[in-house]
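# Descriptive structure summary
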Amino acid sequence: MHAITLHVNGTTHRVVVDPIAPLLRVLRDELGLTGTKEGCGTGYCGACTVLIEELPVNSCLYFAVDADNKRVTTIEGLSQDGSLSPVQQAFVDNGGLQCGYCTPGMVVATQALLDDTPDPSPEQIRSALAGNICRCTGYQSIVKSVRAAAGAVGRSEAANETKRGRTPVRSRA
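### Quick notes on the state of the cysteines
Counting across every chain of the model gives zero disulfides. In this structure Cys40 is not part of a disulfide, and its nearest cysteine sulfur, from Cys45, lies 3.8 Å away.

Here you go:
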């Protein structure tokens, strides 16, 4: 067994884990963060997607010990002050979900995409979400949700910049 420190959704947790325990098991069973789902358990469906240092990973394949002292963001960590994040709200508003089982992974992968590419094309969206499978619906409403989220995230960032007295700038360059 190994003692590790996880920084999950802004909270530090010290846990003792089996060296081969997947991060998904630790998040769900040890920390009670059940928003992250196990779909296939082999990394094909993306239902278990979380962010490690802002990069999407399949937590069913990622050893918890490899997340030691790293920042982990789950679907629960995307909400802001108890409200849905712009990405979560866009999925709700645009029907980007059916049964909802794959939705946490889709939303987390979308957040990673928009953090890197604030105004993605439909092709970039489809490429970024290629590792996330939805068995209930076509992907049109998911792509529409991501496009809507891109606009909402841009507006939110601009509003925050304006509140801080800065000129809104969307470029990260």
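### Re the side chain of Ser145
Note on placement: Ser145 falls in helix α5 (residues 140-163). Take Ser145: its relative accessible area is 0%, and that puts it in the buried class. When residues no more than four places from it in sequence are discounted, the contact partners of Ser145 are Ala90, Phe91, Asn94, Gly95 and Gly96.

### Side note on the pairing of strand β2 (residues 11-17)
Sheet topology note: the strand β1 (residues 2-8)/β2 ladder contains seven bridges and is antiparallel. Within β2, the residue paired with Ala3 across the bridge is Val16. Taken together, β1 and the strand that follows it, β2, pair antiparallel across an intervening segment of two residues, in which Asn9 is found at a positive phi of about 55°.

### Digging into the sheet that holds β2
With respect to topology, five strands assemble into an open sheet ordered β2-β1-β5-β3-β4, the strand pairing being mixed. With partners counted over all chains shown, the strands left at the sheet margins are β2 and β4 (55-58), one partner each. Ignoring which end each strand starts from, the neighbouring axes of this sheet average 40° apart. Note that strand β3 (residues 49-52) and β4 share four bridges and pair antiparallel. By the bridge assignment for β4, Leu51 is matched with Pro56. Packing against the sheet, helix α3 (residues 103-116) makes contact with β3 and β4, and its axis sits at approximately 35° to β3.

### Topic: the confidence of the model for the protein
Predicted confidence across the protein gives a mean pLDDT of 89, with 88% of residues reaching 70 or more. Predicted confidence is poor over residues 162-173, with pLDDT under 50, and the contacts of this stretch with residues over four places away or in other chains come to 14 contacts.

### Comments concerning the packing of helix α2 (residues 86-93) against α3
Packing of α2 against α3 brings their axes to within 9 Å, and their N-to-C directions diverge by 125°. By the criterion of interaxial angle, the relationship of α2 to α3 is oblique. Considering only the axes of α2 and α3, their crossing is right-handed. From α2, Val87, Gln88 and Phe91 reach across to α3, where they touch Thr103, Met106, Val107, Thr110, Gln111 and Leu114. For the contact of α2 with α3, a count of residues per class yields five nonpolar, four polar and no charged.

### A word on α3
The α-helix winds at 3.6 residues per turn, so residues separated by three or four positions along the chain end up facing the same way. Across its 14 residues, α3 extends 20 Å between first and last C-alpha, which sits within 8% of the 20 Å expected from 1.5 Å per residue. Counting buried residues along α3, 12 of its 14 residues qualify, which places the element largely inside the surrounding structure. Taken together, the buried positions of α3 are Thr103, Pro104, Gly105, Met106, Val107, Val108, Ala109, Thr110, Gln111, Ala112, Leu113 and Leu114.

### Remarks on unusual backbone geometry
The phi dihedral of Glu54 is positive, around 70°, even though this residue is not glycine. The residue Glu54 is located in the loop between β3 and β4 in this model. Since its relative accessible area comes to 39%, Glu54 is described here as partly exposed. In this structure, Asn69 is a non-glycine residue whose phi angle is positive, near 60°. Here Asn69 lies in the loop between β4 and β5 (71-73). Overall, the relative accessible area of 49% leaves Asn69 in the partly exposed class.

Reading the values: rules and limits
- Residues numbered from 1 in each chain as written.
- Predicted model: local features only at pLDDT ≥ 70, side-chain atom pairs only at ≥ 80, totals over all residues.
- Heavy atoms only, no water.
- Disulfide = S-S within 2.5 Å.
- Helix = DSSP H or I, 4+ residues; strand = E, 2+ residues; numbered from the N terminus.
- Buried < 20%, exposed > 50% of the residue type's maximum accessible area, 1.4 Å probe, protein only.
- Contact = heavy atoms within 4.5 Å.
- Pairing = 2+ DSSP bridges.
- Axes fitted to C-alpha atoms, helices over the stretch in contact; angles between N-to-C directions.
- pLDDT = per-residue confidence, 0-100.
- Parallel < 35°, antiparallel > 145°, perpendicular 65-115°, else oblique.
- Left-handed = near helix turned anticlockwise from the far one by under 90°.
- Nonpolar A, V, L, I, M, F, W, Y, C, P; charged D, E, K, R; others polar.
- Expected span 1.5 Å × (residues − 1).

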